[in-house]
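# Structural features, examined
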Amino acid sequence: MAKGRKNGLYSEISEELSASMRTGWADTEKRELTLEEQAPYAAARRAALSARFPGERLVIPSGNLKVRSNDDTYPFRPYSGYVHMTGDQARDGALVLEPRADGGHDAYCYQLPRDSRDNDEFWTGATAELWMGRRRSLAEAERVLGLPCRDVRRAAGELAAVSGTPTRIVRGIDPSLEAAVATEAERDAELEEALSDLRLVKDEWEIKEIRSAVDSTVRGFTDVVGELSRAIASSERWIEGTFFRRARLEGNAVGYGTICAAGEHATIMHWTDNDGPVRPGELLLLDAGVESRTLYTADVTRTLPISGTFSPVQRRVYDAVYEAQEAGMAAVKPGAAYRDFHEAAQRSLAARLVEWGFIEGPADRAYELGLQRRFTMAGTGHMLGLDVHDCAQARTEEYVDGVLEPGMVLTVEPGLYFQPDDLTVPQEWRGIGVRIEDDLLVTADGHENLSAGLPRSADEVEAWMARFAG
């Protein structure tokens, strides 16, 4: 008999209630399910991973629920490497690549099966199906994923029982599975590196999903402009909520904490409190991205004059950032070094800062010394995909020291940030922050700006706001 929770209103379950709950349920098995669209692409990704580790068993967990407060959990978000290799988003799962004698692997997936109706597990406890919603059966998961599926409740024992097979696991995702296998940290890190490496070049299905996320993001930005008057009457939180509504309507959620930074908050790189005032005459820096229902995210930033027009100083800063972004985007093409777009944008900003007298020139010297970083703060972009900062664990020689290839998706996002307490710049410049960020797909002959549906130049932004601002 199930035990009631402490301070619950029901301390026990009667035999009669338990018997009643186990009867009278319809068969809900979904036998009409078919292979998901992503499944063949996931199979190709697994084959590429297999080729890197012949003779070794690979374990890639999806992750577990995490407690937010007491018995309330955070919304579950699976490990991106697991999603990439399976197309699955279930909690408490794991992909296993079991080595074969020929050097290849047999893949199977551990899944948490449906709760049995033969006991009380399906309706008692905070994670029971009647509390959290129906899960796929193992047979359903097999039909959808195109993978053999096993009961994850037996995974730790089964994995621990196999000896003599070199094994790697992605660490920090599922402690129980990690404890069940004897692995070495350095070798496990190489598996995580490989999973990131394999996401650097997106396949056609991934590009379609990122394109969809970006298109939704464009609509979300337009929503925000249409509700600026309501944000002025409330706070940055109105902007955050407005964008989130679009993200939930058309996607899964937002791909990262939305930055709604008005006024001097625009000088804070990762401002996510979003509780400040929205005042005419100041700028709004909105950095936001819709995460698709398949967990691919966009990452776009626009800096908007809240009153609809830039002041002379605001426009001066904005034009400098726009000019730098143009230089950076021009450097995005196949065969170019990954660092080229960053260097082009940063050199452009360094030249402007020298021209304005804010750093000591000449511009080349200022750039080599990194003097512009007082006002530019961060790098000029990053890879984009399942994570907003995608492929973060990839080998350095393949990522920041690598070469751009068709199918890569990255952001170009130069910015200038003049802190409100920076005495090295004139008073009228202080508290101004400007960033412009777009999502670029590297193509065979250059690049495509996936977020081109949003205006970028100062004149275009003002015209757009005049059309949509409420």
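In this report, we go over the structure that sits alongside the text. By convention here, each chain's residues receive numbers from 1 onward along its written sequence. Where local features are concerned, this predicted model is filtered to residues with pLDDT of at least 70; where side-chain atom pairs are given and counted, the filter is 80 or more; whole-chain, interface and lining totals use all residues. Side-chain figures throughout are based on the complete set of non-hydrogen atoms in the structure, without hydrogens or water.

With that settled, the discussion passes to the environment of R347. Structurally, the position occupied by R347 is in helix α13 (residues 339–356). Throughout this description, a polar contact denotes any pair of N or O atoms lying within 3.5 Å of each other; where both atoms belong to protein, one of them has to be capable of donating a hydrogen while the other can accept it, and for residues adjacent in sequence the pair is counted only when both atoms sit in side chains. In terms of polar contacts, R347 uses its side chain to reach the side chain of D364, at 3.3 Å. Starting at the N terminus, helices and strands are each numbered in turn, a helix being any DSSP run of H or I of at least four residues and a strand any DSSP run of E of at least two.

Attention now goes to the packing of helix α9 (residues 204–226) against helix α16 (residues 458–468). One can describe the packing of α9 onto α16 by two numbers: an axis separation of 8 Å at closest approach and a directional angle of 65 degrees. The orientation of α9 with respect to α16, classified from their angle, is roughly perpendicular. Note on packing geometry: the crossing formed by α9 with α16 is right-handed. Facing F221, T222, V225 and G226 of α9, the residues of α16 in contact are W464, M465 and F468. Residues are grouped as follows: nonpolar covers Ala, Val, Leu, Ile, Met, Phe, Trp, Tyr, Cys and Pro; charged covers Asp, Glu, Lys and Arg; every other residue, Gly included, is treated as polar. Classifying every residue of the contact of α9 with α16 by side-chain character gives five nonpolar, two polar and no charged. As a rule, the C-alpha atoms of each element are fitted with a line to give its axis, helices using only the stretch in contact, and angles between N-to-C directions run from 0 to 180 degrees. Should an angle fall under 35 degrees it is called roughly parallel, over 145 degrees roughly antiparallel, and 65 to 115 degrees roughly perpendicular, with every other angle called oblique. Here a crossing is taken to be left-handed if its near helix is turned anticlockwise relative to the far helix by less than a right angle, and right-handed if that turn runs clockwise. In what follows, a contact means two residues having at least one pair of non-hydrogen atoms within 4.5 Å.

Moving on, we get to α9. What a helix should span is 1.5 Å times the count of its residues minus one. Along its 23 residues, α9 runs 33 Å from first to last C-alpha, staying within 8% of the 33 Å computed at 1.5 Å per residue. For α9, the N-terminal cap is D203; the gap from its side-chain oxygen to the backbone nitrogen of W205 is 3.1 Å.

This next bit is on the packing of aromatic side chains. Here is the rule: rings of Phe, Tyr and Trp (six-membered ring for Trp) pair when centre to centre is within 6.5 Å. Planes less than 30 degrees apart are stacked, more than 60 are edge-to-face, and the remainder are tilted. Applying the stated criterion across every chain, the model contains 14 aromatic pairs. Taken together, a centroid distance of 5.2 Å and an interplanar angle of 90 degrees make the contact between Y338 and F341 edge-to-face. Their ring planes at 75 degrees and their centres at 5.2 Å tell us that Y338 and Y399 sit as a pair that is edge-to-face. Note that Y338 is positioned in the loop between α12 (312–330) and α13 and Y399 in the loop between α15 (373–376) and β13 (409–412), a separation of 61 residues in sequence. Y399 matches Y338 in its accessibility class, with the two residues each being buried. Only when the NZ atom of a Lys or the CZ atom of an Arg is both within 6 Å of the ring centre and within 35 degrees of the ring normal do we say a charge sits over the ring. The ring of W25 is capped by R117, whose NZ or CZ atom sits 4.7 Å from the centre of that ring. We note R150 situated over the ring of Y108; from NZ or CZ to the ring centre the distance is 3.6 Å. Partly exposed residues are those whose accessible area sits between 20% and 50% of the maximum for their type, while under 20% is buried and over 50% is exposed, using a 1.4 Å probe and protein chains only.

Cis peptide bonds are those with omega within 30 degrees of zero, and the linkage from G361 to P362 qualifies with 0 degrees. Structurally, P362 is set in the loop between α13 and α14 (363–369). Despite not being glycine, N70 shows a phi value in the positive range, around 55 degrees. Take N70: it is sitting in the loop between β2 (67–69) and β3 (72–73).

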